[in-house]
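Results of the structural survey
Here is how the chains run, residue by residue.
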Amino acid sequence: MPISPAAPAATDLDRALATFHPVSVQPIAITAYRDRLASLQGLIRNAGLAAVWLDASSSLTYFTGLKLGQSERIHGALICADGPPVYLTPVFEAPKLESLLRIPGPMLMWEEDEDPYALVARHLADLPGRGLALDPATPFHFASGMMAALEGQVASAGDHIAALRQVKSAAEIAIIQAAMDVSWQVQRAVQRGLRIGISTTEVGQFIDAAHRAAGLKPLFHAVQFGEATAYPHGVPHPQILQDGDMVLVDMGGTLQGYQSDITRSYVFGSPTARQRHLWHIEHAAHRAAFAAARPGAACEEVDAAARAVITRAGFGPGYQVPGLPHRTGHGLGLDIHEEPWIVKGNRTPLQPGMCFSIEPMLCVYGECGIRLEDIVYMTQDGPRWFSPPSPELDRPFG
């Protein structure tokens, strides 16, 4: 009689997966989309524009609630100074589009052998204002078509869109908070479930499964052990965990369109004096950036505060490695990387409602890298963490 192979023993990560359950949070209300559109229309009028073009991007979702995928056919919405959105669509897509609309509006429809850019130009010719401002996410082949049809009367809507999107409402912050709570719990479960011989691949599979179990769509994971932690975006090969390895785990998920993003770095086993020294430098840079994030401060001041700590410790200067080779942070919302950018040269003042990462990574090629990444949101009184930051190397989750 054949003997059936024994089932693999359950691991700590297997047991942890059973503890995750779907989270619930209020979605963005229709009234919020209408308010966002009204704010954008106010900017359009003040700029003397005829309209803003929203491509099939996260900005289309932000202002209208509509989610479309980009393809070789232009598809999106014109936001004019007054009135509802005007949706541009191929004729054969119109029935589906109609079923997806959260904010109703008229449609400009084009057949496969017609020119959609000429259609847009004819529509804008009858409107007050002059020129069209494009969503920065508009692909070049669409933007060039608009420019030709409108005889160059095309500009970027980037500043108008960023001015509104980078300041989050209470409802947006609540969704991000729910997503961040899940990812922090997943991070803690990973740290508790590590064992000698586990692969970065297995950890990544758990991260995705845990986010799904909590009702989030997995967005990404980056798991690195040992020397591979020195590379900000990882290496193209998996690693096997050994005693004394530095561990870097970066992850994110999507909840109702909004993103989470969190990184933890710690040592599996007993840290060496060198690992402890490097971790404490990173921790100090992380805290310095948080302290610099005051209402009215320029975004670049947050980057400068973190970089100064790393430079005083003998690394860098500037973007040189060993040191901090990239910006200190990025905005987070419907996109995992969006404005405001926490980088030298960005004089944008911090305002209540802005959400951004603080992640001044310390990279030492040939040894290890350490990144402590947490997201903050600005209040009238200063920044607030979405998740508890790591207090100590030996207690990364308190």
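Procedures and definitions
Residues numbered from 1 in each chain as written. Predicted model: local features only at pLDDT ≥ 70, side-chain atom pairs only at ≥ 80, totals over all residues. Heavy atoms only, no water. Salt bridge = Lys/Arg side-chain N within 4 Å of Asp/Glu carboxyl O. Helix = DSSP H or I, 4+ residues; strand = E, 2+ residues; numbered from the N terminus. Buried < 20%, exposed > 50% of the residue type's maximum accessible area, 1.4 Å probe, protein only. Core = buried A, V, L, I, M, F, W, Y, C linked by side-chain atoms within 4.5 Å. Contact = heavy atoms within 4.5 Å. Axes fitted to C-alpha atoms, helices over the stretch in contact; angles between N-to-C directions. Parallel < 35°, antiparallel > 145°, perpendicular 65-115°, else oblique. Left-handed = near helix turned anticlockwise from the far one by under 90°. Nonpolar A, V, L, I, M, F, W, Y, C, P; charged D, E, K, R; others polar.

1. Observations regarding the pattern of salt bridges
Taken as a whole and assessed by the stated rule, the structure comprises 18 salt bridges. Across the salt bridge formed by R264 and D374, the nearest N and O atoms sit 2.7 Å from each other. With a gap of 110 residues between them, R264 in strand β10 (residues 262-267) and D374 in strand β16 (residues 374-379) connect regions that are remote in the sequence. Given a relative accessible area of 0%, R264 falls into the buried group. For D374, a relative accessible area of 0% translates into the label buried. A salt bridge links E392 to R395, with the nearest nitrogen and oxygen atoms 3.1 Å apart.

2. Description of the nonpolar core
Judged by nonpolar contacts, the single largest core of 96 residues is most densely connected at V186, V190, L194, F206 and F356. No other element matches helix α8 (residues 170-193), which puts eleven residues into this core. Those residues in contact with V186 that lie beyond four places of it in its chain are F20, F206, I207, A210, H211 and M251. Membership of the second largest hydrophobic core comes to 22 residues, among which are W53, Y117, A121 and L134.

3. A few points about the packing of helix α5 (residues 116-125) against helix α6 (residues 140-149)
Axis separation between α5 and α6 bottoms out at 9 Å; the angle between their running directions is 50 degrees. Here α5 lies oblique to α6, going by the angle between them. Pair α5 / α6 crosses with right-handed handedness. Residues Y117, A118, V120 and A121 of α5 form the contact with α6, whose participating residues are H141, F142, G145, M146 and A149. For the contact of α5 with α6, the residue count by class is seven nonpolar, two polar and no charged.

4. Here's the deal with the environment of A38
With respect to the helices and strands, the residue A38 is situated in helix α2 (residues 30-47). Judged by relative accessible area, A38 falls into the partly exposed class, the value being 42%. Each C-alpha atom, one on A38 and one on D159, is 16 Å from the other, the two residues being 121 residues apart in sequence.

5. Things to note about the packing of helix α10 (residues 273-292) against helix α11 (residues 299-312)
Between α10 and α11, the shortest axis-to-axis distance is 8 Å and the interhelical angle comes to 155 degrees. What the angle tells us is that α10 and α11 run roughly antiparallel. Pair α10 / α11 crosses with right-handed handedness. Between α10 and α11, the contacting residues are I281, A284, A285, A288, A289 and A292 on the first element and E301, V302, A305, A306, V309 and I310 on the second. Residues of the contact of α10 with α11, tallied by class, amount to eleven nonpolar, no polar and one charged.

Take it as geometry only, folks, not as evidence of what the structure does.
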